[in-house]
Amino acid sequence: MLAEIPRCPLTSGHLQKMSCTKHEKVAVPRQAGSRRTRPQKSCYFGVEVSEELVWDTWELGREITKTLQLKNVHIKMQKLRFKSPSSKFFTTLFPQTIVLSPGTSFSLPVTFRSLEKRENSDAIEFECKEGVFRVLLRATLPRHMLEMPESVLVPACAAFDSSRVIFFFRNASKLVTSFSWVVPEPFQFTPVSGTLEPGAQCEVTVLFTTQAALVYEGIATCTFGDGGELSTSLRIQALSKYPHLLVSVPGHPSQMSGQEDTQSVLDFGAVAVGDAVEKHFEIHNLSSVRAPFRVAQAPRPSLLEDVFFCEAQQGSVPGGSTLTLPVRFSPKTVGSTSVDYFYITSAGNVCKAVVKVTGSCKGPLVSLSSSVVDFGLVELGEFAVRTLQIANTSDVPAHYQFSIDCSYSVFSVDKPWGVLAGESSLTLRLCFQPSHPISHYRRVACFIHHQKPIFLDLIGTCHSEQLKPAILKPKHLRLYSIRERRGLTIYPPDILSAMVAEKKLLLDENGALFLPLQESDGDPAEPPPVSDPVGEDLKEGWGDDVLRFRHVTLDPPEILFHNGPCSRPLSLTNHTKGRLTIIWTSLVGSPFSVTPLTCDLPPLKTSAFRINYSPGQDNTFHGAELECFAFYTVVKDHQYMEDSTMCPPWCGTLRVSGHSFQPGHQHFIPRYTLQQPTLVFPTLNQQACKSILFQNNGELPITFSLDPNNLSVVKLHPTSGLVQPGTHQIFTLRKTPAEENGQKHILSLQLNASQNHIQEITVISVAEKPRISLEGDGTLFFKPTAVGLSSERSYLIKNVSCVPLTFEWRIWSPDSQVLSVLPKEGILQPNESLAQTWSFTPLAETQYCLKPCLVFCPLRTQSSISSIKKTRLSLRVMGLAAQGTIEAESPVVDLGPVLVGSCQMCDLVLLNHGSCPLRFSLTIEQGFTGPCLPEELQNDPIALDLECCNGTIPARSKVIVKATAKPARRVPYSWSITYEILTSTGQVIAGAQSLCQVNAQGVYPMLTVSDARSSGSVEGISKLQLWNLFSLETLNSYLQRDPTPTELTYRVPTRHSLRRCPSVFTPVLLDFNFSAAPLGSEPSSVLLMFENKGTIPVEWSFLFPADQQIELEYWAESGEFDATELHEMRVQDNKLFGISPRSGSLLPGQQRAVQLTYRHEFAGTDHLPVLLKVSHGREILLNFIGVTLEKDRRYIHFTSSKHTFAPVAIGSFSPPKQIYELYNGGSVPLSYHIDMEPLEDLKEENFGHPILQCLNPTGEVQPGRTAFVEWVFSPLEARTYSVDVPIHILEGDSALVSFEGAGYDARALGEAAPLSDGTPSSLSSTQKVPLPGQLVFLSEERISFGDIPVCSKNTRMVFLYNTSETERVFYTWHSCIHNAGQVVQMHPESGELAAGESSHCVITLCASGSPSFCVQDLICQVTTGGALTQYRSELQQWELEKERQKNEFTVMDRDTKPSTQPKGSAGLELKMDSKVRKYKNLPPIQSKGSGLGRSEHRTQREAADVWRRPDPPRPFLLHLLVTACSHSLLEFQSNFPSLQHKHYIQRSMKPIPAPLTHSDEPDRMAGISLTPGPEREIITDILTSLIRSLLDDPQFHQSLLNSLTEPVPYFSQLKSPQSSRLPSRQDQAEEGAGSALSSPTPQTPVRRDLSSTVLGEPGPWEADPQGFQPQEQQPEVREAIKRLPEFCDLTEEILLNTLQNIIMEACVGEVVLTARPRVIALPPSSISRAPMGAAPGLADCTVDVFPGPVMRPPGDLHKALPHDNSLTPSLTVQQQWGRGMWSPIPGRTGEPRGRTCWPPCSRTSDWLRALVTRRPQLGMSG
């Protein structure tokens, strides 16, 4: 068991020994002794007892007794009986009954005594009422046993790190145990082996060290025992991960990179020199394990001062935490900027980070309020005092010291040294006390530690009574400075005045002298600085300028008296061309004196002086700075002086020092502080200065002197002197490094003139060349770049020298257009790296090799006086330019349908196949391809949004741009996306190029009613009527339109109204009319097939008014309702209208049937507004209307009070008939009568022309059926006619219907004339909604013959399918309308379909001679075989029972009880006498609106007691709609010329004009006659005479008699087309006579011959046995026969039957119409067998036939064959199956007339090909 013990100060024991490392955990083993101290107990049947007793410590022969506790934990008393142990080693009490009350215990002692040293076991068995349980007894021997955890989990650690955990294991045995561990890598155990005393435990430390990030799992094996014979294992698990370190500076984001100058910068800012500032940076460990790290300072130049210090060189960061590391900055050089880098690397160098540290050093900034102090004129013996401000504007304290010995000078300062605090100022008091009447001038240097010295000019003039020299003023100093640079100061003023007088010298505009050939080098506006008048020797060169000439020199410059009192010589040399006067300033009582004090020194001469040292006290130190003034002697008299020639005196100083210590005496031990004893000069080959601060911390003065040997190496000022107690001395060192490898000088500074006190000053001075390191050995490569674009590359340069450098990149002018760098110039501090951004912009497709130059030099300072040499480095830049293009992964992205108002996203994948990245800009152009006008869409915003229009595509990669389409209209959108390649500055390189095209179709949810089906009370309504009742055509048209904005107020069904009549947001209102039905009848049910013909899912809902109302609390209801609300509430509460399902969703192409029902429970008309809501689409209000009629009420259901006829062209000779439907919604038949008075009035208004005629104004309509009223609309003008016609119902209500019709001018409209059959376009032709229990389906439910000519015959074929697998069905066809004008025949009219069988039905439409609109509903009644069998069985039983009731009677005996009904008639219901029953059954519950009287109820009760005749099974109705529009021949030819060849005109039929009257038969006949006039009289006379002549002609009478006796021809096709059968010879004769009367006889001789041939009369060739016939008459007869209408009708019939046979064979699979045809050549022998008169070429013609097996020959050929010898010589054909041919059989005469071999035809299709091949010869057309 592994447990993690938290480090808690309260933990005791071994837990306090844990290490404080976070990765250390302790695994605590399971306590094995806990089982012995607390034995596990169990409860058996309410008795709590230990599971076992164990004796683990025992001795041979000794008894050990333990107690077994029994406790009753049950709520009732327990009685226990036990059995003693069976072995002799365990003993207990004698068996007895133990009684345990609830909660009490019993102790049973058990004793163990062993005589053998082995393990023993036994048990005590306890028995209670509920059962038996046992307690085990065991005695064990001591054995080696170790208790340790099963597994140890080592804390996770980082790779290349280690982690440890501690676990314990103990010796659980009574024996001393030795152990040894075998541990797998990378785990280590400490200790590995050892010995454990009994009960002792051992602490083991597991060390886990890894170098990879893996999961480690191993098994450690521990062997223990006496000889290691036992072993146990321990599972060790550990996990290592790679660390992830980030380094950040407070205030900056974390970064991770190993490159310099790209990381966080720790800026210390400006730090005072000598101070130390500490800042911190943070290391973040983002991993979950501890991450060890190392901190290393980056390599830097060897001479660079080390100013940054990080004490932490290594450490570790806990997982998920942050560690702060301090960095200290201690600058040493004022004005320098230091840069350094610290690398933080994790263990194993897994990750590396860089921290850049930078800081600058600031020093004091001291200035004087004035650089010149003019004391003016002072009389001898007096003094003058002036004040001067010295200020430190920096926050760094400043140590200053004026280089003047106030005791030995005429000028004095009250505070010549001190410390000036930061940002403070001090007022100095200056005193001038001259001792000689001369002009005084001295330049005093103010030395400042860590700052360059500043100079103060002190001037003053002293007059005495005898001498009054010229007064020295500051302007004289400026003129002297100019004259000194021009080399004129070596001349005395008198010589200069003479030269001016001689015009050898001239005065410039400032009054300064200059030679005529020498231009003035001074700036008039800015006076030149004043130079040191004494020279470099006197001032040691500490001036603003370096003097080119020395006027006076002292030798030696300093004198040291270290050997006691003595005198030393001093020489002074005059280097001018004038006489000088030397005056020394003396101090009375001073140990130092000069002799002589004054003297004159000729030009270019030297004078000697003695310096005497006479100390007044022994063992003392003395030091002084002696002062002397040298001036031209001529200046003593001010009368000879001019301002232009005035020359100030030169002041010289001599440093002297000495001591009066006697030999053998020890000199004072100096107590001092020397700051920064090591000086490093800049590595430039130019003069540099450094300062050292020497502080006297003791109470005695300290003398110092520099070893003279060091003066040649470094110049130090001062070289000797005396430092008073508590003061300081500022040493200034000057050095010019030499160009050598390195110089290190040791300056020995002797203190107190003792060799025992030598202070060494280390001076390091190396002159090195400036160096800059270029990354990549001076080569920069650019990735391939597109022409015109720009590539950027970061390039690193580093200053590896010790001085700051200024750099500048110089690029050749032609290359500057291609290559650029930022920054182009700048300053690099020592050890600083700078990342520069290079830009490569190629102009042409080529490879570039450019060489820019880096020019750098040391940073120029104010003290730099020499020219600085610049260094050049070349960089080799390589770049490749290429042309780039962008392509789209998909040139066309089709989003498909997108819901208007929504959005759809897609990914545009842009590909860059080139080798260079491209920067692009995308542009969208929106287009439309729909029917909308561009003017409507030009202001629409672009409906496509791109997530990113600008970007960059890397080379050979792709970029995904998300596009969002938001269509706002239902139009096809097309967005053309073009791209432009941009430069780095955003300029377009080339024009826009096409990228891709995004297409989307803005759509709304589309819902369409594709089919409708009625059942229940409206079962008899055809689909066309149903389509009109429910306005489905209009509904579909509305559903296809766009929703209005108000309809989208609520995009989804929402309860939004507080009223019971919700607000309507749609302008569309449609009626859903459920027609009418009697009260209590079957509910009217309509199934609508909703289909999603769109491309997106559709969610639809039917919302009742209650579904749109927000439910209110009861108290909020007003309780006031109007009549409309009450009616709607009644309809909804009684659920008169039902919709199932009320809502749903359809996927594209999916269909769903919705059932609408109306219950006829209340008489009257019911209305209910139902909202059809399409989510995110249309919202249409449907007005549900249903009519419930009372019993026996005669009612015609008018769907509308207005009817519109189809438009008719004006000027038409034969306008078509049109139909108006009357539906009987009641339960009884009714008669109707149409009032003709309004039609007569309309006729009178139109000049007697019948505009509107009703052909059957009266009629009868059966219940649930429809009557078709024929109308003829014949307009005179191209306008709309309207007339209100009353329709009266016998014993019913009348209605007024408005009939409208429009006439149009066909000539004006042309092809746009409205020609249609009047059926809705959306009416489906196939059934899509199966009704419950429907077994038979039609292949088509709507057959449209279209536009046909009159006198034509059209045929269609439909199939009936029986989908049942077990049920047989019977079907029968019925027509709902019998129209004499259009004859629709169905063949067969009835039939039978087996289970799973299908059958064809042929529909033939024979158009009459008058045009009309044909709309007929054919009803197929389908009855199942099972129902019909059951009906016949019940009918047979009923008839038997009826016969039995006729013959049987029952005699009732009152004394006997009536016998029970016989068993055989148990199922029959007989009429019983009402007296037999004591009580009557309650009448059935009826609706309140039933309206039945008492007699009717009595009749119903009696009818319930009578066994009624079984009703036939209710057939299932299938509706077949047949539509056609017939036109006259002329109109058909003019309007439909392309369809003329598709129809066959029966010439035997006559076009019959439409009747003009409609009252009765005489009126119709009168309508045919002409208008009264001369024409009518002439026609009447001619017809009368013709009829009379026929009646008087005996030949006519004889022909009629002969026709009756003639035999019937075999081929019945020659009869009139109107007759469908020939029942008898007499009927045939009559029919033939009628045909003869009605058929035209254009060619009487031919007709006579034909009649004889047809009727069997012997002709001329038959009288002759040889068949004689004139050869010249045979072609004429043959041609005459071909021109007969009967022959053409016969040929058309043959072709029609043949095609029908082929289709039937193809449907059953006997013919493959798509098979490859084959060619069969006829044998030549058939020519000889051709009969005389046969058509040539028929027998040997080549026929194309279809392959396939031999099938039956044409089954209908025996019915009709033409009487043409070219086809067959006989009238009868016998089918010969075996020979593959047809052989003629002799006709009725029984004698063969010859034999003709037909081409071998296997099937009907083969014969059809043969027939079609000969069709032109047969005269067949059309």
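Criteria and cut-off values
- Residues numbered from 1 in each chain as written.
- Predicted model: local features only at pLDDT ≥ 70, side-chain atom pairs only at ≥ 80, totals over all residues.
- Heavy atoms only, no water.
- Helix = DSSP H or I, 4+ residues; strand = E, 2+ residues; numbered from the N terminus.
- Buried < 20%, exposed > 50% of the residue type's maximum accessible area, 1.4 Å probe, protein only.
- Contact = heavy atoms within 4.5 Å.
- Areas by Shrake-Rupley, 256 points an atom, 1.4 Å probe, with all protein chains shown as cover.
- Expected span 1.5 Å × (residues − 1).
- Phe/Tyr/Trp six-rings, centres within 6.5 Å; stacked < 30°, edge-to-face > 60°.
- Pairing = 2+ DSSP bridges.
- Axes fitted to C-alpha atoms, helices over the stretch in contact; angles between N-to-C directions.
- Salt bridge = Lys/Arg side-chain N within 4 Å of Asp/Glu carboxyl O.
- Polar contact = N/O pair within 3.5 Å; in protein donor to acceptor, adjacent residues only side chain to side chain.
- Patch = residues over 30% accessible without salt bridge, like charges linked within 9 Å, V, L, I, M, F, W, Y side chains within 5 Å.
- Lys, Arg positive; Asp, Glu negative; His and termini not counted.
- Charge placed at Lys NZ, Arg CZ, Asp CG, Glu CD.
- pLDDT = per-residue confidence, 0-100.
- Disulfide = S-S within 2.5 Å.
- Core = buried A, V, L, I, M, F, W, Y, C linked by side-chain atoms within 4.5 Å.

Undergrad: How should the overall build of the protein chain be read in this particular structure?
TA: When its secondary structure is counted, the protein chain shows 22 helices and 112 strands. Burial status across the protein chain gives 45% buried among its 1822 residues. Across the protein chain, contacts joining residues at least 24 apart in sequence account for 72% of those joining residues at least 6 apart. On the protein chain, roughly 92500 Å² of surface is accessible, and the fraction owed to carbon and sulfur atoms is 52%.

Undergrad: In this structure, what is going on with helix 2 (residues 474–485)? I would like to understand it.
TA: Along an α-helix, residues three or four apart share an orientation, since each turn contains 3.6 residues. A rise of 1.5 Å per residue sets the reference length of helix 2, with its 12 residues, at 16 Å; its end C-alpha atoms lie 17 Å apart and thus fit the reference within 8%. When we look at burial in helix 2, the residues that qualify are His476, Leu477, Leu479, Tyr480, Ser481, Ile482, Arg483 and Glu484. Those residues of helix 2 hidden inside the fold are in contact with strand 38 (439–448), strand 39 (451–463), helix 3 (493–501), strand 41 (513–514) and strand 50 (650–659).

Undergrad: Where do I start with the packing of aromatic side chains in this structure?
TA: Each aromatic ring pair is characterised by the separation of its centres together with the angle its planes make. For the structure shown, the criterion picks out 56 aromatic pairs. Judged by centre distance (5.6 Å) and plane angle (15°), the ring pair of Phe1205 and Phe1299 falls under stacked. Within this pair, whereas Phe1205 is found in the loop between strand 91 (1202–1204) and strand 92 (1208–1209), its partner Phe1299 is found in strand 99 (residues 1295–1304), the two being separated by 94 residues in sequence. For the pair Phe1205 and Phe1299, one class covers both residues: buried.

Undergrad: It is not clear to me how the sheet that holds strand 67 (residues 833–840) should be interpreted in this structure. Could you clarify?
TA: The strands that make up a sheet pair up through hydrogen bonds in the backbone, lying either parallel or antiparallel. Read across the sheet, 4 strands follow the order 60-63-67-65 without closing on themselves; strand pairing throughout is antiparallel. If you trace the sheet from one side to the other, it starts and ends with strand 60 (772–774) and strand 65 (819–822), each paired once. Each strand of the sheet is rotated relative to its neighbour by a mean of 30°, with strand direction disregarded. Relative to strand 67, strand 65 runs antiparallel, the two sharing 4 bridges. The partner of Ser820 across the bridge, within strand 67, is Ser839.

Undergrad: What exactly am I supposed to notice about the pattern of salt bridges here?
TA: When charged atoms on two side chains of opposite charge get close, those side chains can pair. Applying the stated criterion across every chain, the model contains 39 salt bridges. The residue Asp643 makes a salt bridge to Lys475 at a minimum N-O spacing of 3.0 Å. Taken together, the positions of Asp643 in the loop between strand 49 (621–632) and strand 50 and Lys475 in helix 2 put the pair 168 residues apart, joining distant regions of the chain. When its relative accessible area of 35% is taken as the criterion, Lys475 is described as partly exposed. Note that Asp945 is salt-bridged to Lys966, the shortest N-O span being 3.6 Å. You can see Asp945 sitting in strand 76 (residues 944–946) and its partner Lys966 sitting in the loop between strand 78 (957–965) and strand 79 (972–981), a full 21 residues away along the chain. A network of salt bridges, in which partner residues are shared, links Asp1011, Arg1013, Lys1023 and Glu1341.

Undergrad: Explain the side chain of His449 to me, please; I cannot follow it from the model alone.
TA: Relative to the elements of secondary structure, His449 occurs in the loop between strand 38 and strand 39. Assessed through its relative accessible area of 4%, His449 is described here as buried. Here the side chain of His449 touches Ser691 through a polar contact of 3.0 Å, side chain to side chain. Ignoring sequence-local partners within four residues, the contact set of His449 consists of Pro364, His399, Gln675, Ser691, Ile692, Leu693 and Ile730.

Undergrad: It is not clear to me how a positive patch on the surface should be interpreted in this structure. Could you clarify?
TA: Side chains of Arg810, Arg860, Lys870 and Arg872 sit close together on the surface and give a patch of like positive charge. Structurally, the position occupied by Arg872 is in strand 70 (residues 871–874).

Undergrad: Teacher, can you tell me more about the confidence of the model for the protein chain here?
TA: Per-residue confidence for the protein chain gives a mean pLDDT of 78; residues scoring 70 or more make up 78%. Scored below 50 in pLDDT, residues 1–37 makes 68 contacts in the model with residues more than four places away or belonging to other chains. Contacts for the low-pLDDT stretch residues 1610–1669, under 50 throughout, to residues beyond four places or in other chains number 61 contacts.

Undergrad: Looking at this structure, I do not really get the state of the cysteines. What am I missing?
TA: Working definition of a disulfide: a covalent bond connecting the sulfur atoms of two cysteines. Scanning the entire structure with this criterion turns up 0 disulfides. Not engaged in a disulfide, the cysteine Cys948 finds its nearest cysteine sulfur in Cys949; these two sulfurs lie 6.9 Å apart.

Undergrad: Looking at this structure, how should I read unusual backbone geometry?
TA: Most of the time, phi is negative for any residue but glycine, and the peptide bond is trans. In this chain, His717 is followed by Pro718 through a cis amide linkage whose omega measures -10°. Here Pro718 lies in the loop between strand 55 (715–717) and strand 56 (720–723). For the bond from Leu822 to Pro823, the omega torsion is -5°, close enough to zero to count as cis. Here Ser1075, not a glycine, exhibits a phi torsion of approximately 65°, which is positive. You can see Ser1075 is positioned in strand 82 (residues 1069–1078).

Undergrad: I would appreciate a short explanation of the nonpolar core in the present structure.
TA: Soluble, globular proteins show a tendency: their nonpolar side chains are buried together. Residues Phe402, Leu430, Ile611, Leu626 and Val656 are the most contacted members of the largest nonpolar core, which totals 65 residues. The dominant element in this core, judged by the number of residues it contributes, is strand 49, at 7 residues. With residues up to four places along the chain from it excluded, the contact list for Ile611 reads Ile559, Phe561, Cys566, Ser567, Arg568, Leu570, Ser593, Val594, Leu626, Leu654 and Val656. Of all hydrophobic cores here, the second largest spans 44 residues; its members include Trp1027, Leu1039, Val1098 and Leu1136.

Undergrad: Can you help me understand the environment of Val552 in this one?
TA: When you line up the elements, Val552 lands in strand 42 (residues 552–555). The exposure class assigned to Val552 is buried, which follows from its relative accessible area of 3%. In this structure, the C-alpha to C-alpha distance between Val552 and Cys651, residues 99 residues apart in sequence, is 9.4 Å.

Undergrad: How should I be thinking about the sheet that holds strand 69 (residues 853–858) in this particular structure?
TA: Taken in spatial order, the 4 strands of this open sheet run 66-64-69-70, and their pairing is antiparallel. At either margin of the open sheet sits one strand with a lone partner, and together these are strand 66 (825–828) and strand 70. With strand direction ignored, the average angle separating the axes of adjacent strands in the sheet is 25°. For strand 64 (residues 805–810) and strand 69, the ladder comprises 6 bridges, and the chain directions are antiparallel. Within strand 69, the residue paired with Arg810 across the bridge is Cys853.

Undergrad: Before we go on, may I ask you to explain the environment of Val1261 in this structure?
TA: Mapping Val1261 onto the fold places it in strand 96 (residues 1258–1261). The class of Val1261 is buried, set by a relative accessible area of 1%. With 30 residues separating them in the primary sequence, Val1261 and Ser1231 have C-alpha atoms 6.3 Å apart. Those residues in contact with Val1261, other than ones at most four positions away along the chain, are Ile1196, Leu1222, Asn1224, Pro1229, Leu1230, Tyr1232, Thr1266 and Ala1267.

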